[in-house]
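Given next are the chains, with one letter for each unit.
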Amino acid sequence: MALDTEKIIEELKGASILELNDLVKAIEEEFDVTAAAPVAAAGAADAGAAKSEFDVELTEPGQEKVKVIKAVRDITGLGLKDSKDLVDGAPKNVKEGVSEDEANDIKAKLEEVGATVTLK
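Predicted, not measured: the structure shown is a model, and the values here were computed from it. (Residues numbered from 1 in each chain as written. Predicted model: local features only at pLDDT ≥ 70, side-chain atom pairs only at ≥ 80, totals over all residues. Heavy atoms only, no water.)

Before going further, it helps to examine the sheet that holds strand β3 (residues 116-119). In space, the 3 strands of this open sheet follow the order β2-β1-β3, with antiparallel pairing throughout. This sheet does not close on itself; its edge strands, each paired only once, are β2 (92-98) and β3. Within this sheet the neighbouring strands show an average axis-to-axis angle of 20 degrees, counted without direction. Judged from the 4 bridges that link them, strand β1 (residues 54-60) and β2 form a sheet pairing that is antiparallel. Looking at β2, one finds that Phe-54 is bridged to Val-98. (Pairing = 2+ DSSP bridges. Helix = DSSP H or I, 4+ residues; strand = E, 2+ residues; numbered from the N terminus. Axes fitted to C-alpha atoms, helices over the stretch in contact; angles between N-to-C directions.)

So this is what it looks like as structure tokens:
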């Protein structure tokens, strides 16, 4: 059985990140291998590697500070005073070590109420 490498590459180009992640997991399980880089090469690979965890930083609360405080409460589960302190202390991290999807969701919620958000 000959593989059509060009066809496979073209299909991979059209896949979403989630689909590619599922493919890697399936290959790892099927062939009992890991796609993790060896420790010695990990340092060199870090520069171009995709991040899997993100920090969501509230950079500026904007004009609608009360709405931002309410959004921070909903996102973090903090009390009113703690949420207000976080917003008043901007720039501050709202959440740390979250997935890309969750980080983008949080960013959208905060930007919707007028805040400026940075993903790190």
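Another point: the pattern of salt bridges. Taken as a whole and assessed by the stated rule, the structure comprises 8 salt bridges. Here Asp-88 makes a salt bridge to Lys-65, at a shortest N to O gap of 2.8 Å. With Asp-88 in helix α5 (residues 80-88) and Lys-65 in helix α4 (residues 65-76), this pair connects stretches of sequence that are 23 residues apart. Given the relative accessible area of 36%, Asp-88 is considered partly exposed. Judged by its relative accessible area of 35%, Lys-65 is partly exposed. Among the ionic contacts, a cluster of salt bridges with common partners joins Lys-65, Lys-84 and Asp-88. (Salt bridge = Lys/Arg side-chain N within 4 Å of Asp/Glu carboxyl O. Buried < 20%, exposed > 50% of the residue type's maximum accessible area, 1.4 Å probe, protein only.)

Take Lys-120: it is sitting in the segment after β3. Given a relative accessible area of 44%, Lys-120 falls into the partly exposed group. Once the C-alpha coordinates of Lys-120 and Gly-97 are considered, the two residues, 23 residues apart in sequence, prove to be 9.5 Å apart. When near neighbours in sequence (up to four residues on either side) are disregarded, Lys-120 contacts Lys-51, Glu-53, Phe-54, Asp-55 and Glu-57. Side-chain polar atoms of Lys-120 contact the side chain of Glu-57, separated by 3.0 Å. (Contact = heavy atoms within 4.5 Å. Polar contact = N/O pair within 3.5 Å; in protein donor to acceptor, adjacent residues only side chain to side chain.)

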